[in-house]
Amino acid sequence: MSANSLSSIVRFGAFELDLQTGELRHAGQKVKLQEQPFQVLAALLEHPGKVVTREELHTKLWPADTFVDFDHSLNAAIKRLRDALSESADAPVYIETLARRGYRFIAPVNGSSSPGEIEIAAAPPPGAWKRTVIIAVVGCLVVAGLLYAWMKPNRERSPRLVELQRLTEVPLTALPGTALSPTFSPDGSQIAFAWDGGVIGKGYDLYVKVIGADEPLRLTSHPSARLSAAWSPDGRTIAISRGAGEDDSGLYLIPPTGGPERKLIARSPVSWFGTEANWISWSPDGKQLAFIDHPANAVADATLQLFLLSLENLERTQVETGCNSVSIPKFSPGGKYLAWVCNKAAASSSLWLLRLSDGDRSQLLSWEDGISGIAWSRDERRIVFSSVFHDGGVWETSLDRPSHVERLPTGHDAEALAADPAGRGLAYARGTHNVNIWRLDLLKSPPQARKLVSSSRQQQAPSFSPDGRKIAFESTRTGATEVWISDADGLRAQQLTNFGQSTTGTPRWSPDGKLIAFDSRLGGEANIYLVDPRGGVPRKLSIDRQDNCLPSWSHDGQWIYFVNGEDSAIRSVWKVPSSGGHAVLIAKQSATFPLESPDGEKVYFVRNQKLWQVKTDGSMEQQVAGMPELNFMGDEWFPFGSSIYFIAHEGDKRIISLFDLQTKRARPIFTLEKPSPGWIGGMPVSNDGNWLLFPQKDERSSELMLIENWR
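Model, not experiment: these values are computed from the prediction.

Asker: Would you mind going over the overall build of the chain with me for this structure?
Answerer: Of the regular secondary structure elements, the chain holds four helices and 52 strands. Accessible area of the chain: about 32,000 Å², with a carbon and sulfur share of 50%.

Asker: Quick question: what am I supposed to make of the pairing of strand 44 (residues 592-596) here?
Answerer: Regular strands place side chains that alternate from one sheet face to the opposite one. Taken across its five residues, strand 44 has five buried, putting it largely inside the fold. Of the strand pairs in this sheet, strand 44 and strand 45 (residues 602-607) are connected by three bridges, and their pairing is antiparallel. Bridging across to strand 45, leucine 595 finds its partner in tyrosine 604. Taking the residues that link successive antiparallel strands as the turn, the strand 44-strand 45 hairpin has five residues, and the phi of glycine 600 there is positive, at about 75°.

Asker: Even after reading the chapter, I still don't get the side chain of serine 372, so can you show me in this structure?
Answerer: Its location among the elements puts serine 372 in strand 25 (residues 371-376). A polar contact of 2.8 Å, which involves the side chain of serine 372, links it to the side chain of serine 386. At a separation of 3.3 Å, a polar atom in the side chain of serine 372 contacts the main-chain carbonyl oxygen of alanine 414.

Asker: Any chance you could explain helix 1 (residues 35-46) here in plain terms?
Answerer: Note that an α-helix has 3.6 residues per turn; residues three or four places apart therefore point the same way. Between its first and last C-alpha, helix 1 extends 17 Å over 12 residues, near the 16 Å set by a 1.5 Å rise per residue. Taken residue by residue, helix 1 has Pro37, Phe38, Val40, Leu41, Ala42, Ala43, Leu44, Leu45 and Glu46 as its buried positions.

Asker: Would you explain helix 2 (residues 54-61) in this entry?
Answerer: Every buried residue of helix 2 is listed here: Arg54, Leu57 and Leu61. Buried positions in helix 2, seen along its axis, are confined to an arc of 60° and lie on one side of it. Exposed residues on helix 2 whose side chains face more than 90 degrees from its buried face are Glu55 and Thr59.

Asker: Is there a simple way to explain the sheet that holds strand 9 (residues 179-184) in this structure?
Answerer: Paired through their backbone hydrogen bonds, the strands of a sheet run either parallel or antiparallel. Across the sheet, which stays open at both edges, the four strands sit in the order 9-10-11-12 with antiparallel pairing between neighbours. Each end of this open sheet is capped by a strand with a single partner; those strands are strand 9 and strand 12 (217-218). Looking at chain direction, strand 10 (residues 190-195) and strand 11 (residues 205-210) are connected through six bridges and run antiparallel. For alanine 192, the partnering residue across the bridge sits in strand 11 and is valine 208.

Asker: Can you walk me through the pairing of strand 29 (residues 414-419) in this structure?
Answerer: Taken across its six residues, strand 29 has five buried, putting it largely inside the fold. Summarising the sheet, strand 29 and strand 30 (residues 425-441) pair through four bridges and their orientation is antiparallel. Bridge pairing in strand 30 places alanine 418 opposite alanine 427. Hairpin geometry of strand 29 and strand 30 is characterised by an intervening segment of five residues between the two adjacent antiparallel strands and by a positive phi of about 85° at glycine 423.

Asker: What exactly am I supposed to notice about the state of the cysteines here?
Answerer: By definition, a disulfide is the covalent link that joins the sulfur atoms of two cysteine residues. The final tally for this structure, using the stated rule, is one disulfide. Two residues, cysteine 323 and cysteine 342, share a disulfide whose sulfurs are 2.1 Å apart. One quick way to see it: the torsion about the S-S bond of cysteine 323 and cysteine 342 is about 95°, and its sign makes the bridge right-handed. Here the residue cysteine 323 occupies a position in the loop between strand 20 (316-318) and strand 21 (326-331), and cysteine 342 occupies one in strand 22 (residues 337-343), the gap between them amounting to 19 residues.

Asker: What is the right way to look at the pattern of salt bridges in this model?
Answerer: For side chains bearing opposite charge, pairing can occur when the charged atoms are close. Within this structure, the stated rule accounts for 26 salt bridges. A salt bridge links glutamate 96 to arginine 104, with the shortest nitrogen-to-oxygen separation between them at 2.9 Å. In this structure glutamate 96 comes out as partly exposed when scored by relative accessible area, which is 25%. The residue arginine 430 makes a salt bridge to glutamate 169 at a minimum N-O spacing of 2.6 Å. Note that arginine 430 is positioned in strand 30 and glutamate 169 in strand 8 (residues 168-171), a separation of 261 residues in sequence. For glutamate 169, a relative accessible area of 25% gives the class partly exposed. Ionic contacts of the salt-bridge type, sharing partners, join the residues Lys470, Asp487, Asp489 and Arg492 into one network.

Asker: Help me understand the packing of helix 1 against helix 2 in this model?
Answerer: Where helix 1 meets helix 2, the axes come as close as 11 Å, and the angle between the chain directions of the two elements is 125°. One finds that helix 1 runs oblique with respect to helix 2. For the element pair helix 1 and helix 2, the recorded crossing hand is right-handed. Residues Gln36, Gln39, Val40, Ala43 and Glu46 of helix 1 pack against Leu57, Lys60 and Leu61 of helix 2. For the contact of helix 1 with helix 2, the residue count by class is four nonpolar, two polar and two charged.

Asker: Just to check I follow, could you spell out the nonpolar core for this structure?
Answerer: Looking at soluble globular proteins, one finds that nonpolar side chains tend to be buried together. Counting residues in each nonpolar core, the largest one holds 30 residues, and the members touching the most others are Phe12, Leu17, Leu24 and Phe105. By residue number, the principal contributor to this core is helix 1, which donates seven residues. Leucine 17 has contacts with Ser8, Ile9, Val10, Phe12, Glu23, Leu24, Leu33, Phe38, Leu41 and Leu45, leaving out every residue within four places of it along the chain.

Asker: Sorry if this is basic, but what is going on with unusual backbone geometry here?
Answerer: A cis amide bond links serine 445 with the next residue in sequence, proline 446, at an omega value of -5°. The phi torsion at isoleucine 328 lies on the positive side, around 50°, for a residue other than glycine. Along the chain, isoleucine 328 falls in strand 21.

Asker: What am I meant to see in the side chain of threonine 220 here?
Answerer: In this structure, threonine 220 sits in the loop between strand 12 and strand 13 (226-231). Since its relative accessible area comes to 1%, threonine 220 is described here as buried. Here aspartate 205 takes part through its side chain, which lies 2.6 Å from a polar atom of the side chain of threonine 220. Reaching out from threonine 220, the side chain makes a polar contact with the backbone nitrogen of leucine 206 at a distance of 2.9 Å. Setting aside its immediate chain neighbours within four residues, threonine 220 contacts Asp205, Leu206, Ile240, Arg242, Ile254 and Glu261.

Asker: Hey, could you run me through the environment of glutamate 703 in this one?
Answerer: The residue glutamate 703 is located in strand 52 (residues 691-708) in this model. Separated by 271 residues in the primary sequence, glutamate 703 and threonine 432 place their C-alpha atoms 9.0 Å from one another. When neighbours within four sequence positions are excluded, glutamate 703 is seen to be in contact with Thr173, Tyr428, Ala429 and Arg430.

Asker: Looking at this structure, I do not really get the packing of aromatic side chains. What am I missing?
Answerer: Centre-to-centre distance and the angle between the planes together describe a pair of aromatic rings. Going through the model one piece at a time under the given rule, you end up with 19 aromatic pairs. Judged by centre distance (5.1 Å) and plane angle (80°), the ring pair of phenylalanine 12 and phenylalanine 105 falls under edge-to-face. Of this pair, phenylalanine 12 sits in strand 1 (residues 9-12) while phenylalanine 105 sits in strand 7 (residues 102-105); the two residues are 93 residues apart in sequence, bridging distant segments of the chain. Phenylalanine 105 matches phenylalanine 12 in its accessibility class, with the two residues each being buried. The interplanar angle of 20° and the centroid separation of 6.3 Å between the aromatic rings of phenylalanine 193 and tyrosine 207 together place this pair among those described as stacked. In this pair, phenylalanine 193 is assigned in strand 10 and tyrosine 207 in strand 11, connecting sequence segments 14 residues apart. When its relative accessible area of 0% is taken as the criterion, phenylalanine 193 is described as buried. Clustering of aromatic rings is evident, with ring pairs tying together Phe12, Phe15, Tyr94 and Phe105. For arginine 242, the ring lying beneath its charged end belongs to tyrosine 252, and the centroid distance is 4.7 Å. In this arrangement the basic side chain of lysine 575 is found over the ring face of tryptophan 559, its NZ or CZ atom lying 4.2 Å from the centre.

Calculation notes
- Residues numbered from 1 in each chain as written.
- Predicted model: local features only at pLDDT ≥ 70, side-chain atom pairs only at ≥ 80, totals over all residues.
- Heavy atoms only, no water.
- Helix = DSSP H or I, 4+ residues; strand = E, 2+ residues; numbered from the N terminus.
- Areas by Shrake-Rupley, 256 points an atom, 1.4 Å probe, with all protein chains shown as cover.
- Buried < 20%, exposed > 50% of the residue type's maximum accessible area, 1.4 Å probe, protein only.
- Pairing = 2+ DSSP bridges.
- Polar contact = N/O pair within 3.5 Å; in protein donor to acceptor, adjacent residues only side chain to side chain.
- Expected span 1.5 Å × (residues − 1).
- Arc of directions from axis to C-beta.
- Disulfide = S-S within 2.5 Å.
- Salt bridge = Lys/Arg side-chain N within 4 Å of Asp/Glu carboxyl O.
- Axes fitted to C-alpha atoms, helices over the stretch in contact; angles between N-to-C directions.
- Parallel < 35°, antiparallel > 145°, perpendicular 65-115°, else oblique.
- Left-handed = near helix turned anticlockwise from the far one by under 90°.
- Contact = heavy atoms within 4.5 Å.
- Nonpolar A, V, L, I, M, F, W, Y, C, P; charged D, E, K, R; others polar.
- Core = buried A, V, L, I, M, F, W, Y, C linked by side-chain atoms within 4.5 Å.
- Phe/Tyr/Trp six-rings, centres within 6.5 Å; stacked < 30°, edge-to-face > 60°.
- Lys NZ or Arg CZ within 6 Å of the ring centre and 35° of its normal.

Purely geometric numbers; function is a separate question.
Structure, rendered in structure tokens:
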């Protein structure tokens, strides 16, 4: 059947195609469609529901005497046609691809229940047309009323899909090292950001550059562990949130053209929580700054709360969030809402909104893979956010349909987001984190280190097998954090778990080497699992408590020590039989990272950055006298013999040191060439005392990218 025999207007879904004019419309709005995609669509609509071969399309679109790269041209035409119809080849709604054969139009056409041949209806008898019209109108009204709720979201979504397909990505910076925390000027012509000058571990200063120019202007000369900024609505000032030690952490103001800083208030360093806990946001009316701080009277070490600072009188007010660990505050462009992220667990977050007019607080969505950045659309109807794990994708949701979350077709390894107030795009920091496991030869004089387990991603939480022939560790080399094992020389690595979740790790060998205990947040809750290191299906250890992680074994293999409440920041140490069952309290809150002493008489753990000990029955709890302070996470130490290996932090240096429990003295062993990551997951020593494993941050870089046309 030729196209000329078809009705002039063909309708399918929310589209209608005029075969005479070549115009395609969606919900009444004209959709751009080029000539070749139109010809392909017309050819498919001649035989809906039937296969149109590639050879037939070749003959129809390109005559025999036309020289053209047919495969490339047809593929391009199909791609442009799919773009116009807002569909993909993976999930076709209208056009199905049959590999190496052709294509088939699969949607109902002109109101039919199936995609059959299109035919012209016979002319109605004289006088019957009025009755037919009335019946049709009434039927349409009934159907429209029933289907309106279902059709409305799809009608709104299709134009948005077209917009998303037009997004492009370009670099904003091409600087060595790490650029973070972007913020746009109100007119979108400039961007300010934190940069380490290309030196890993040096600290960040604030820079500003005109978009399209190369050289940035340095605004501060105070390298800081954490630095975030927010441009004022009038463009005259930039606010800084700095984490740089007890004396220099606070909120500051500085002109975007350079000049002296003005300190507004002091705040706690909270540098151990990462960039997300240091974000700052300026209200659109210019009167307030939203920021994160650790309250002085907080019971838990990991408590972070949301505050508002009045720029008129510098009074700070805590916002009631109902959350123990808050990050990334962000005012909406019109000042209607204040959004923030609640970190429920090590890798689980939720996005919350406060309606500023009446104080109404509501959860927008829950996200199991963590949130590292958020930004608002100009109309305050949508929020885009970056996800911490997997490949760091960028996602979008709307206030009226928060359950519908859609990934943007561009953006990866995203760490922070900032929307251009002028509506021209979305900036984000594309980061690269390379953490590898190194092995230190303790018997050499001086001790020597070499890289042992490496990939382009992150390797942490190493553990020696009892015979020293194998190593277990966690790695993100497949996207999600999983448990891996390798030979002692780092070779022949094999993946042991495949949960596909954001945090699975901290593997620990049983004393007989037959099992590995580890934790995972599968399903959003921390649990302990056991797996055969030779392979097999992991099984969850049954414990009469919830939210359990950081397992370690007793020397006889009869017990597994663990932390309960790690993800809620109310932590305590327990033990449970290695077969599961009833858990026994060993150390009350706050306590984390339990490891049994080599003689099996005590359990060491960390409390408030101090090393403590308790007998295995939970009695005689006391601080280890003379032991230097540990890092905040409490994971940079390991007991061996009558000593404790640990990492000492002296300025920018990280020094592996040995503390003698008898003499109460510490001595340096080895200085790391590069910084250690915030979480290393342990630094074990082999049973023969020959080797020590430690993770090191070998590379840390990020550049600022711009997703154009997002608004």
